[in-house]
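# Residue-level structure breakdown
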Amino acid sequence: MSTPASERITPSPALRRPIRGLLPGLALVAVAVGVALAVNRLVPAVSALLIGIVLGIMLRNLVPLSTVFDAGLAFAAKKLLRVGVVLLGLQLVVGDVLGLGFGVVLLVIAIVVGGIAATMLIGKLMGISFTQRLLIACGFSICGAAAVAAVDGVVEPDDDEEVVTAIALVVLFGTLMIPLVPLAAGALGLTAHSAGLWAGGSIHEVAQVVAAGGIIGGGALGVAVVVKLARVLMLAPVMAVVSAVRRRQSAGSGGKRPPIMPLFVVGFIAMVALRSFGIVPAPIVDAASVVQNALLAAAMFALGAGVKIRSLVTVGPGPFALAACSTLVVSGIALAGVMLVA
């Protein structure tokens with residue numbers, strides 16, 4: 001029996017208005033993601049996340065952008081970003097990480113912890129803000145743009161330009177590492193296995209690691225990717241620590257306290273568990289990888305669309321110098337560890 005029209009549940013006007021407000025911005029994001037994925041398909045070495053953020057910055061600075069897009073862009077920069085980080089967990093299998101051996105697992109922990117600690121200390125000596133150096137530290141030590149995005153979701157900085165600066169630096173320095181690591185590995189006489197360990201332990205983005213591992217050859221790609229994913233796995237404990245620090249700071253200042261464990265980090269851990277126990281079928285994992293890439297590209301585009309180049313230029317040399325130091329520290333720890341465990 002059909003429900004009378006008078007009794008049907010329909011969204012209230014108050015609910016429909018916010019949804020309608022999101023549509024223009026989300027439509028713009030969808031177009032940008034389509035372009036980013038198409039370019040990435042043609043040139044796999046160029047990350048869709050990089051393309052997304054470049055498109056966003058270009059759009060903001062070359063075209064007068066109406067405020068009608070603002071709500072959808074803000075939604076993509078925050079909400080879609082967190083869903084993308086959650087789905088990233090489906091790409092990780094704890095057994096693969098443990099299969100690297102105890103020595104390599106300890107090396108990964110040393111890279112992440114040492115890289116973050118050193119970057120935070122150097123950044124403090126340079127006079128760089130706490131948030132900026134935390135974004136750079138986690139992005140360079142863990143997993144590039146996804147880690148920057150995760151930190152953004154926990155600390156929620158007032159200035160989105162700090163987030164975009166950190167992502168731009170990840171892209172710049174990680175891209176430079178693609179040819180430099182294979183060349184340096186050859187000069188040092190490293191085997192393909194050792195060079196793969198070094199690439200996975202030192203390069204910032206997963207896509208960049210894949211590119212470098214392919215250049216090295218000789219089986220380096222497989223080990224490089226697994227080491228890199230082991231660093232990605234460190235995202236959850238690091239975000240838990242960051243959240244705990246923020247709660248303590250908020251308690252002292254009387255501000256709003258963030259949750260003990262952000263919900264998207266809980267989701268990330270849950271996805272890792274589901275994948276590690278073999279609960280998720282392979283076709284779903286493959287589909288989730290595509291969706292995750294698209295969501296993070298959407299978030300990068302939205303973040304880029306919030307940045308004016310004129311403001312970015314005024315950042316100064318400090319973050320660039322810190323990024324260079326962080327790259328040297330992370331790659332140095334990784335190389336020292338490879339020499340010990342390989």
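Residues numbered from 1 in each chain as written. Predicted model: local features only at pLDDT ≥ 70, side-chain atom pairs only at ≥ 80, totals over all residues. Heavy atoms only, no water.

### Focus: the overall build of the chain
- The helix and strand inventory of the chain stands at 16 helices and zero strands.
- Taking contacts inside the chain between residues at least 6 apart in sequence as the whole, the part at least 24 apart equals 79%.
- Split by element, the accessible area of the chain, about 15,700 Å² in all, is 71% carbon and sulfur. (Helix = DSSP H or I, 4+ residues; strand = E, 2+ residues; numbered from the N terminus. Contact = heavy atoms within 4.5 Å. Areas by Shrake-Rupley, 256 points an atom, 1.4 Å probe, with all protein chains shown as cover.)

### Some words on helix H5 (residues 102-126)
- The terminal C-alpha atoms of H5, which comprises 25 residues, lie 36 Å apart, in line with the 36 Å expected from a rise of 1.5 Å per residue.
- Along H5, the residues that are buried comprise Val104, Leu107, Val108, Ile111, Val112, Gly115, Ile116, Thr119, Met120 and Gly123.
- Downstream of H5 by one or two residues, Gly127 has phi in the positive range, about 80°. (Expected span 1.5 Å × (residues − 1). Buried < 20%, exposed > 50% of the residue type's maximum accessible area, 1.4 Å probe, protein only.)

### Notes on the side chain of Gln132
- With respect to the element layout, Gln132 can be found in helix H6 (residues 130-143).
- Its relative accessible area of 6% is what places Gln132 among the buried residues.
- Separated by 3.1 Å, the side chain of Gln132 and the backbone oxygen of Glu162 make a polar contact.
- Leave out the neighbours within four places in its chain, and Gln132 touches Glu162, Thr165, Ala166 and Pro319. (Polar contact = N/O pair within 3.5 Å; in protein donor to acceptor, adjacent residues only side chain to side chain.)

### Considering the state of the cysteines
- Considering all chains together, one arrives at zero disulfides under this definition.
- Free cysteine Cys138: the closest other cysteine sulfur is in Cys143, separated by 9.0 Å.
- Exposure remark for Cys138: the relative accessible area of 0% places this residue in the buried category. (Disulfide = S-S within 2.5 Å.)

### Some thoughts on the nonpolar core
- Counting residues in hydrophobic clusters, the biggest one holds 102 residues, and the most contacted among them are Cys138, Ile142, Leu235, Met239, Phe268 and Met300.
- A total of 11 residues in this core trace back to one element, the largest contributor, which is helix H14 (residues 282-304).
- Contacts of Met300, omitting those with residues within four sequence positions, involve Leu49, Gly52, Ile53, Leu81, Ala145, Ala149 and Ile167. (Core = buried A, V, L, I, M, F, W, Y, C linked by side-chain atoms within 4.5 Å.)

### Structural notes on the packing of helix H9 (residues 192-202) against helix H16 (residues 318-341)
- Closest axis-to-axis distance for the H9/H16 pair is 8 Å, and the angle between their directions is 150°. Classified by the angle their axes make, H9 and H16 are roughly antiparallel. H9 and H16 meet at a crossing whose hand is right-handed. Between H9 and H16, the residues in contact are Ser194, Leu197, Trp198, Gly201 and Ser202 and Val330, Ser331, Ala334, Leu335 and Val338, respectively.
- Residues of the contact of H9 with H16, tallied by class, amount to six nonpolar, four polar and no charged. (Axes fitted to C-alpha atoms, helices over the stretch in contact; angles between N-to-C directions. Parallel < 35°, antiparallel > 145°, perpendicular 65-115°, else oblique. Left-handed = near helix turned anticlockwise from the far one by under 90°. Nonpolar A, V, L, I, M, F, W, Y, C, P; charged D, E, K, R; others polar.)

### Here's the deal with a nonpolar patch on the surface
- Together, Val31, Val35, Val39, Leu42 and Val43 make up an exposed nonpolar region whose accessible area comes to about 430 Å².
- As for its placement among the helices and strands, Val39 is situated in helix H1 (residues 13-42). (Patch = residues over 30% accessible without salt bridge, like charges linked within 9 Å, V, L, I, M, F, W, Y side chains within 5 Å. Salt bridge = Lys/Arg side-chain N within 4 Å of Asp/Glu carboxyl O.)

### Quick notes on the side chain of Asp152
- Its location among the elements puts Asp152 in helix H7 (residues 145-155).
- Asp152 gets classed as buried once you look at its relative accessible area, which sits at 2%.
- In terms of polar contacts, Asp152 uses its side chain to reach the side chain of Lys78, at 3.4 Å.

### Here's the deal with the environment of His204
- With respect to the secondary-structure elements, His204 resides in the loop between H9 and helix H10 (206-216).
- Separated by 26 residues in sequence, His204 and Ile178 have C-alpha atoms that sit 9.9 Å apart.
- In this structure His204 touches Gly139, Phe140, Ile142, Cys143, Gly144, Val170, Phe173, Gly174, Lys228 and Thr327, once residues within four positions along its chain are discounted.
- Separated by 3.3 Å, the side chains of His204 and Thr327 make a polar contact.

### Considering the environment of Ala71
- Of note, Ala71 is situated in helix H3 (residues 70-88).
- Residue classification places Ala71 among the partly exposed residues on the basis of a relative accessible area of 37%.
- Between the C-alpha atoms of Ala71 and Arg20, which are 51 residues apart in sequence, the distance is 9.7 Å.
- The contact partners of Ala71, leaving out residues within four places of it in the chain, are Gly21 and Leu22.

### Comments concerning the confidence of the model for the chain
- Scored by pLDDT, the chain has a mean of 84; 88% of the residues are at 70 or more.
- When mean pLDDT is taken per element in the chain, H5 scores highest with 94 and helix H15 (residues 309-313) scores lowest with 67. (pLDDT = per-residue confidence, 0-100.)

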